[in-house]
Amino acid sequence: MPMTSKDAPAASGDADQSAVRRDHISRAVAQMSRPLAVFDAGQRLVFVNRAAIELLRLPEHITRPGTTMRDYARHGETRGAYGSSDFEHEFERRLRTPRLRMEYTTPEGTTIQLERDQLEQGGYAVLYTDVTEQRRAEAALQRSEARYRTIVEDQGELILRCDGEGLITFVNMACCQFHGLPRMRMLGRRVTDLVYEEDRDGVAPFFAPRRDDEERAREIEHRAWRHDGELRWLRRRDRVIQNRPGEILEFQSVINDVTDIRAAEAQISQFSALAILGQVSAGVTHELNQPLNAASMGVQNVLMRMGEDNSRSGMEIRSRIEKVLEQIERMGAIVNHLRTFIQPTSRGGVSADLRGIIEFSIDMVRHHLVVDEIDISVSAPDACAPVPGDKIQLEIILTNLLTNAHASILRRRRAEGGDASSERGRIAISVSSGDSAVEMRIADNGAGIPKEALDRIFDPFFTTQEVGGGMGLGLSLAYRIVTGLGGTISAANLARGAEFTVVIPTTSKENPA
Amino acid sequence: MSLEEVRKRLRAVDVMVVEDDLPQCEALRDFLEFSRVTFHIVHDGRSALQALEEYRPKVLILDIRLPGLDGISVAQEVSKRADPPVTILVSGHMDSVVEANQSSTQPFRVIEKPVNLNVIGRFIRQALERRPGLE
């Protein structure tokens, strides 16, 4: 205690005063709730307060001033302060340690923290703290943390916690695996860094203080780059822990990769839409055909009754009515086309004019090709051997392959980050007509087919386009039609782009038209 | 020639139409009148089979989708009779016709809606020429 040396040279009047002061101090220390003991330079007990006596369960004879530090420590040994180590050896070692910090647990389970400091004038001051509750809580936390970690590591859910500033404080293994980063490189990073650039603005409000009346848990979907460079959809449920409005302790996020679910949902809704369309279309096509037929026949009757009226006005009226008839016929063709799209494989027929069908199919998509500056070339013999399948079926095959090529070229352009420097888009159709089969090749200089997609590209609902892009039905429809005609369709990657090959056996030999 | 036979011959027509949709019936009537052929129109399959005996048409224009007995069943029934009329099925779409042809020994003439009246006219002319009138 520093006051002794300071007070020593004081005058007699001061001596009374300092005695009073000393007395005051020793009373204060005696009543202090913090357990405390003081030893002099001769390693004898000067003073131990009531709090220490109670905490250490010191018997009366140990509390007397003058008790040796060794006897005092001997008692400590019976209370577990030396654990299983050799007392003499350990006592000497501790004595040589100027600032001793240690903890021990008594037979009753009380954990005592000991802080012993050497005093300037010789001797020691020892402070004790009961840390039982604190250690117990920490151990419990550690246990639950370990359990928590096991739970969260075991599932595919990405779990992430971050502080009020949005800096990551915890990530589970699934989270590390998804982002392809080790845990240490993720901790301390800004949580929004893990969100896809374009979605950050939408996610940011999540990491903001909430008023008391606001929901503590929220859900949002956003995109993020997976370690393999694939953009995935994540559904995150965030929970904010705040002790009072405006002061955030922690955000806890549970994140699921919902890319496949989203795709499946979109496909299910498209699929059921298609199924409904199929059911409805049979009825609708019939119902539409009736008035169309009546209108068509009515107009034809008018034309017939006008007969040979070759006057100027007669010819003008005739040409107008013929235009009406053309439009009615066009409506009929559309209705029948719709049917065929729904039930593409149930038609018969033979097509001889493959070149005309190719030209017509190109016309169907020409607008898109022109807008996106894609060149298309056709190399086909003027006459082809007739193939099974009617015009509409062959058109479906071709338009789907063209649409696919178009999408692939746009995909490459996006991947190359702009269209200015990119190679101009090109689609080439080539047809060769043999004795037994007609072969059509549709090649593009687009993004090509991902290797893992090659096997699945003709599966219904498989698509390499982003969710909401292609339905994933086009190529499978083409596949169904081609195989239904006894032909084959295959896909392969070129040095640049992809090529689809359709082979359809001719009808000339086996099934004459 | 019995009185009965005379009556039947008086009733006999060139064309019988079986069509349930009235606006189409009206358009066909207009066309057949203009074509100067005799005809009779009924609106369902069973009436068609009954009327067949009475009107003995040389050409039967038969809608496929009909209330009660459908057009294909009527056509199959007609084809079993002695001296059947030339039958033209009129279809909203080809599918049902392809099915019908597969299920029957006798393929039918089929035209798809919306029909080209010139095609029907040609059918009728050919049928009447090939089978000159009984009168």
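In what follows, the structure referred to is the one given above.
Secondary structure summary: chain B contains six helices and five strands in total. From first element to last, N terminus to C terminus, chain B shows the α and β order α-β-α-β-α-β-α-β-α-β-α. In chain B, of all internal contacts separated by at least 6 residues, the share reaching a separation of at least 24 is 62%. Here chain B has roughly 7100 Å² of accessible surface; of this, 49% comes from carbon and sulfur atoms.

Moving on: the overall build of chain A. When its secondary structure is counted, chain A shows 15 helices and 17 strands. The proportion of buried residues among the 513 residues of chain A is 38%. In chain A, the proportion of contacts linking residues at least 24 apart, taken out of those at least 6 apart, comes to 52%. Total accessible area computed for chain A in this model is approximately 28100 Å², and 53% of it derives from carbon and sulfur atoms.

So, about the packing of aromatic side chains. All names here are of chain A. In the structure shown here, the tally under the stated rule is four aromatic pairs over all chains. With 5.6 Å between their ring centres and 20° between their planes, phenylalanine 87 and phenylalanine 91 make a pair best called stacked. Of this pair, phenylalanine 87 and phenylalanine 91 both sit in helix α6 (residues 87–95), four residues apart, which is roughly one turn of that helix. Joined through ring pairs, the aromatic side chains of Tyr82, Phe87 and Phe91 make up one cluster. Over the ring of tyrosine 82 we find arginine 94; its NZ or CZ atom is 3.9 Å from the centre of that ring. Across the ring face of phenylalanine 170, the terminal group of arginine 161 is positioned such that the distance to the ring centre comes to 5.0 Å.

All names here are of chain B. The sheet built from five strands is open, its strands ordered β2-β1-β3-β4-β5 with parallel pairing. The two strands at the open ends of the sheet, each matched to only one other strand, are β2 (39–42) and β5 (109–112). On average, each strand axis in the sheet is inclined to that of its neighbour by 20°, with strand direction left out of account. Note: strand β4 (residues 86–91) against β5, four bridges, orientation parallel. Bridge pairing in β5 places serine 91 opposite glutamate 112. Packing against the sheet, helix α6 (residues 117–130) makes contact with β1 (15–18), β3 (59–63), β4 and β5, and its axis sits at approximately 160° to β5.

Turning our attention to the packing of helix α3 (residues 45–55) of chain B against helix α4 (residues 71–80) of chain B. Residues and elements named next belong to chain B. Interhelical geometry of α3 versus α4 gives an angle of 20° and a closest axis separation of 9 Å. Of the possible angle classes, the one that applies to α3 and α4 is roughly parallel. Two packed elements cross with a definite hand, and for α3 against α4 that hand is right-handed. In this structure, α3 uses Gly45, Ala48, Leu49 and Leu52 to contact α4, whose residues at the interface are Val74, Glu77 and Val78.

All names here are of chain A. One finds Val431 and Met440 to be the most contacted residues of the largest nonpolar core, which totals 41 residues. Residue assignment for this core shows that the elements contributing at least two residues are α13 (354–371), α14 (391–415), β14 (425–433), β15 (437–444), α15 (474–484) and β17 (498–505). If you tally residues by element for this core, the top one is α14, at nine residues. Residue contacts for methionine 440: discarding those within four places in its chain leaves Leu354, Ile358, Leu398, Ser430, Val431, Phe500, Thr501, Val502 and Ile504. Residues Ala37, Ala52, Ile62 and Ile112 belong to the second largest nonpolar core, which totals 25 residues.

Let's shift gears to unusual backbone geometry. In the segment running from lysine 113 of chain B into proline 114 of chain B, the intervening peptide bond is cis, with an omega of -5°. Mapping proline 114 of chain B onto the fold places it in the loop between β5 and α6. Although it is not a glycine, glutamate 373 of chain A sits at a positive phi angle of roughly 55°. Mapped onto the secondary structure, glutamate 373 of chain A falls in the loop between α13 and β12 (374–379). One non-glycine residue, arginine 56 of chain B, adopts positive backbone phi at about 35°. Mapped onto the fold, arginine 56 of chain B is located in the loop between α3 and β3.

Side-chain pairs of opposite charge can arise where the charged atoms are in close proximity. Residue and element names in this part refer to chain A. Tallied over the full model, the rule gives 42 salt bridges over all chains. A salt bridge links arginine 94 to glutamate 90, with the shortest nitrogen-to-oxygen separation between them at 2.9 Å. With arginine 94 and glutamate 90 both in helix α6, this residue pair falls four residues apart, about one helical turn. Taking relative accessible area as the criterion, arginine 94 reaches 8% and is therefore assigned buried. Residue glutamate 219 is joined to arginine 235 by a salt bridge in which the shortest nitrogen-to-oxygen separation is 3.9 Å. You can see glutamate 219 sitting in strand β8 (residues 217–225) and its partner arginine 235 sitting in strand β9 (residues 231–244), a full 16 residues away along the chain. With a relative accessible area of 23%, arginine 235 lands in the partly exposed category.

For glutamine 242 of chain A, the location among the structural elements is in strand β9. C-alpha separation for the pair glutamine 242 of chain A and glycine 164 of chain A, spaced 78 residues apart in sequence, amounts to 8.7 Å.

Inspection of the secondary structure assignment puts threonine 63 of chain A in helix α4 (residues 60–63). A polar atom in the side chain of threonine 63 of chain A sits 2.5 Å from the backbone oxygen of glutamate 60 of chain A.

All names here are of chain A. Strand order in the open sheet formed by five strands is β2-β1-β5-β4-β3, and the pairing between neighbours is antiparallel. Unpaired on one side and paired on the other, β2 (45–48) and β3 (99–105) mark the two borders of the sheet. Taken over all neighbouring pairs, the strand axes of this sheet differ in orientation by 15° on average, direction set aside. Pairing of strand β4 (residues 111–118) with strand β5 (residues 124–130), which is carried by seven bridges, proceeds in the antiparallel orientation. Note on β5: the bridge partner recorded for leucine 114 is tyrosine 128. Strands in contact with helix α5 (residues 69–78) are β1 (36–39), β2, β4 and β5; relative to β1, the strand with the most contacts, it is inclined by about 150°.

Bringing empty space enclosed by the protein into the picture now. Residue and element names in this part refer to chain A. Applying the stated criterion to the full structure yields three cavities of 30 Å³ or more. In this model, the largest cavity occupies a volume close to 290 Å³. What lines the largest cavity is a set of 21 residues, and nearest its centre among them are Tyr72, Ala73, Tyr82, Leu114 and Tyr128. Only α5, α6, β3, β4 and β5 provide two or more residues apiece to the lining of the largest cavity.

Now for the environment of leucine 100 of chain A. Its location among the elements puts leucine 100 of chain A in strand β3. Excluding anything up to four places from it in sequence, leucine 100 of chain A contacts Arg94, Leu114, Glu115 and Arg116 of chain A.

On to α6 of chain B, then. Residue and element names in this part refer to chain B. The first and last C-alpha atoms of α6 sit 20 Å apart over 14 residues, in line with the 20 Å expected at 1.5 Å per residue. Turning to α6, its buried residues number three or more, namely Leu117, Ile120, Gly121, Phe123, Ile124 and Ala127. Taken down its axis, α6 places every buried residue within 160° of arc, on the same side. Looking at α6, the residues exposed on the side facing more than 90 degrees away from the buried face are Glu129 and Arg130.

Scoring rules and cut-offs
- Residues numbered from 1 in each chain as written.
- Chains lettered and ligands numbered in written order.
- Predicted model: local features only at pLDDT ≥ 70, side-chain atom pairs only at ≥ 80, totals over all residues.
- Heavy atoms only, no water.
- Helix = DSSP H or I, 4+ residues; strand = E, 2+ residues; numbered from the N terminus.
- Contact = heavy atoms within 4.5 Å.
- Areas by Shrake-Rupley, 256 points an atom, 1.4 Å probe, with all protein chains shown as cover.
- Buried < 20%, exposed > 50% of the residue type's maximum accessible area, 1.4 Å probe, protein only.
- Phe/Tyr/Trp six-rings, centres within 6.5 Å; stacked < 30°, edge-to-face > 60°.
- Lys NZ or Arg CZ within 6 Å of the ring centre and 35° of its normal.
- Pairing = 2+ DSSP bridges.
- Axes fitted to C-alpha atoms, helices over the stretch in contact; angles between N-to-C directions.
- Parallel < 35°, antiparallel > 145°, perpendicular 65-115°, else oblique.
- Left-handed = near helix turned anticlockwise from the far one by under 90°.
- Core = buried A, V, L, I, M, F, W, Y, C linked by side-chain atoms within 4.5 Å.
- Salt bridge = Lys/Arg side-chain N within 4 Å of Asp/Glu carboxyl O.
- Polar contact = N/O pair within 3.5 Å; in protein donor to acceptor, adjacent residues only side chain to side chain.
- 1 Å grid on protein atoms, 1.4 Å probe; cavity = no way out; pocket = protein on both sides within 12 Å on 5 of 7 lines; lining within 4 Å.
- Points joined across faces, edges and corners; volume = space filled by probe spheres on them.
- Expected span 1.5 Å × (residues − 1).
- Arc of directions from axis to C-beta.

Distances and angles like these do not, on their own, reveal function.
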